[in-house]
Amino acid sequence: MPSSLTLDVLPSDPLLSLMAAFRMDERPDKVDLGVGVYRDEHGQTPIMRAVKRAEQELLISERTKVYEGPAGNQEFCEAIERLVFGSKRQSFENRTTTMTTPGGCGALFLALQLMKRSPQNARCWVSEPTWPNHIGMAQSLGLEIKTYRYAAGMTPVVHFEQMLDDLDAARAGDIIIVQGPCHNPTGIDLSPEQWVILADRLETKGVIPLIDIAYHGLGAGLDTDMDGVLAALDRLALACVSYSCSKNFGLYRERTGCLITICPNRSSHAAISSHLNDIARSCYSMPPAHGAAIVQTILSMNEFRKEWEIELSEMRGRISALRSNLALALTEVTGDRRFGAIEAQKGMFSQVPLNADHAAKLTADHAIYLPASGRINIAGMNADQVSQVAVQLGQALMDKS
Ligand code: PLP
């Protein structure tokens with residue numbers, strides 16, 4: 001009898017479908033507020049100048065394409081540790097084990113697999129709202145999902161008391177995914193003081209944080225963005241950080257990232273490291289090398305690094321100008337001052353109170369693409385499109401109320 005594989009067709013990924021529909025749309029004034037990639041004033045996601053220069057350098061200097069091993073490029077890992085920990089690096093000396101991974105998502109997957117190996121039957125806590133990928137990955141590993149309240153769209157601050165109340169039910173050995181700077185879909189970040197309180201609470205309960213960092217440098221700046229995360233890490237015996245270079249180095253398709261694990265002591269360091277190597281080996285064997293080599297080159301060469309920091313600050317400046325303009329325009333169109341919160345939020349994302357029907361109508365009638373959740377990528381439009389977007393979003397928001 002011929003072998004067969006009987007599987008049902010899965011529903012398509014809503015965000016990927018939105019991307020495909022946007023590409024097919026021939027209307028000249030179309031705007032993509034859906035996919036989480038940075039776009040410049042021309043609607044392009046360009047290769048950063050520093051990246052191009054590093055690639056040219058690598059073309060000349062690279063001598064081999066031989067395997068690097070499951071942990072990948074260790075010089076890249078050290079460079080990212082220096083970038084993340086900055087002047088506090090010494091406090092973490094000998095406590096970290098860092099693996100190059102296929103993007104930030106590869107790091108998340110590795111960390112969740114690691115937790116899954118613990119005998120404690122870990123559950124995975126995710127914020128409400130979070131990114132679909134967090135839920136998808138945890139579920140695919142058979143981890144039970146628990147949610148904690150985090151923030152609502154049109155406010156500038158986290159609902160911290162509610163967050164802590166929900167986390168009261170977390171158990172020792174559970175994992176909590178917390179988004180790093182400007183990574184929550186609402187654009188709302190924990191303050192450094194809240195990071196400290198959260199870290200103390202998690203440490204007391206024995207809950208393991210997995211901090212997802214994918215927008216380092218796109219909030220307030222490379223150092224300031226890490227203030228809260230570092231204050232928290234300083235107080236935690238065990239923590240994982242998934243780090244993505246997709247957005248801040250514009251290396252999306254190169255799949256560049258790493259998993260930094262902070263370990264409580266030498267024996268756990270050895271055990272954790274051995275498991276991470278084992279998971280990588282049995283999953284993708286070894287991470288891609290090119291993106292990591294680019295980042296390592298940029299961070300190790302003064303001239304390239306300066307250029308990258310300038311480009312990053314241009315991106316940050318553009319996002320923050322778009323935010324201010326959109327907040328102002330939406331407030332004018334709707335007369336609702338709550339939209340002022342968009343200016344105080346950070347990074348590319350904000351969550352406007354629209355549902356799936358409104359999103360579909362905005363797409364059909366005005367070629368404005370956004371997901372059903374109302375989460376918008378502010379960097380998806382250019383300065384000239386802000387008023388058009390504000391009028392259409394504002395109208396949809398007013399029709400709703
Ligand atoms: N974290 C989450 C939840 C994501 O959805 C993504 C991007 O899809 C990332 C991190 C970082 O992305 P990448 O895997 O492309 O580095």
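Read on for a plain summary of the structure.

What counts as what
Residues numbered from 1 in each chain as written. Predicted model: local features only at pLDDT ≥ 70, side-chain atom pairs only at ≥ 80, totals over all residues. Heavy atoms only, no water. Near = heavy atom within 4 Å. Polar contact = N/O pair within 3.5 Å; in protein donor to acceptor, adjacent residues only side chain to side chain. 1 Å grid on protein atoms, 1.4 Å probe; cavity = no way out; pocket = protein on both sides within 12 Å on 5 of 7 lines; lining within 4 Å. Sits in = over half its atoms within 2 Å of the grid points. Helix = DSSP H or I, 4+ residues; strand = E, 2+ residues; numbered from the N terminus. Nonpolar A, V, L, I, M, F, W, Y, C, P; charged D, E, K, R; others polar. Axes fitted to C-alpha atoms, helices over the stretch in contact; angles between N-to-C directions. Parallel < 35°, antiparallel > 145°, perpendicular 65-115°, else oblique. Contact = heavy atoms within 4.5 Å. Buried < 20%, exposed > 50% of the residue type's maximum accessible area, 1.4 Å probe, protein only. Pairing = 2+ DSSP bridges. Core = buried A, V, L, I, M, F, W, Y, C linked by side-chain atoms within 4.5 Å. Phe/Tyr/Trp six-rings, centres within 6.5 Å; stacked < 30°, edge-to-face > 60°. Lys NZ or Arg CZ within 6 Å of the ring centre and 35° of its normal.

**What about the site of the ligand?**
As a matter of local geometry, the ligand sits amid 13 residues, with Gly104, Asp212, Ser244, Ser246 and Arg255 nearest to it. Contact distances for the ligand include 3.4 Å between an oxygen atom and a side-chain N or O atom of asparagine 133. Histidine 183 places a polar side-chain atom, nitrogen or oxygen, 3.3 Å from a nitrogen atom of the ligand. The cavity that encloses the ligand is the largest pocket. For the shell around the ligand, the secondary-structure elements that each account for two or more residues are helix H4 (103-116) and helix H5 (132-140). Broken down by element, the shell around the ligand gets its largest block of residues, 4 residues, from H4. Of the residues belonging to the shell around the ligand, the class tally is 4 nonpolar, 7 polar and 2 charged.

**A look at the environment of threonine 331**
Its place among the elements puts threonine 331 in helix H12 (residues 302-334). Linking threonine 331 and isoleucine 342, residues 11 residues apart in sequence, is a C-alpha distance of 10.0 Å.

**Section: the packing of helix H11 (residues 290-300) against H12**
In contact at an axis separation of 5 Å, H11 and H12 are set at 100° when each is read in the N-to-C sense. In terms of axis orientation, H11 runs roughly perpendicular to H12. Contacts from Thr297, Ile298, Leu299 and Ser300 of H11 reach H12 at Asn302, Phe304, Arg305 and Trp308. Split by residue class, the contact of H11 with H12 holds 4 nonpolar, 3 polar and 1 charged.

**Quick notes on the pairing of strand E8 (residues 256-262)**
Of all 7 residues in E8, 7 are buried; the element is thus mostly enclosed. Here E8 shows two buried faces, one formed by Thr256, Cys258, Ile260 and Ile262 and the other by Gly257, Leu259 and Thr261. Of the strand pairs in this sheet, strand E7 (residues 239-244) and E8 are connected by 6 bridges, and their pairing is antiparallel. Residue pairing in the sheet places serine 242 in a bridge with leucine 259 of E8.

**Quick notes on unusual backbone geometry**
With an omega dihedral of 5°, the bond running from glutamate 128 to proline 129 counts as a cis peptide bond. Counting through the fold element by element, proline 129 comes out in the loop between strand E3 (123-128) and H5. Unlike most non-glycine residues, asparagine 94 shows phi in positive territory, near 65°. Inspection of the secondary structure assignment puts asparagine 94 in the loop between helix H3 (74-85) and strand E2 (96-102). Note on asparagine 94: relative accessible area 73%, which makes it exposed.

**Some words on the nonpolar core**
Formed by 73 residues in total, the largest nonpolar core has its most connected members in Ile80, Met163, Leu190, Leu198, Leu233, Ile298 and Trp308. Counting residues per element, this core draws most heavily on H3, at 7 residues. If we ignore the near neighbours within four places in the chain, the residues touching leucine 233 are Phe85, Phe92, Ile211, Ala239, Val241 and Ile262.

**What about the packing of aromatic side chains?**
What characterises a pair of aromatic rings is the spacing of the ring centres plus the angle enclosed by the ring planes. Inspection of the entire model under this criterion finds 5 aromatic pairs. Ring geometry for phenylalanine 249 versus tryptophan 308: centroids 4.2 Å apart, planes at 5°, classification stacked. Here phenylalanine 249, found in the loop between E7 and E8, pairs with tryptophan 308, found in helix H12; they are 59 residues apart in sequence, far enough to count as distant. Here phenylalanine 249 and tryptophan 308 have matching classes, each one buried. By the ring-pair criterion, three or more aromatic residues cluster together here, those being Trp131, Tyr215 and Phe349. Directly above the ring of phenylalanine 22 sits lysine 30, whose terminal nitrogen or CZ lies 4.5 Å from the centroid.

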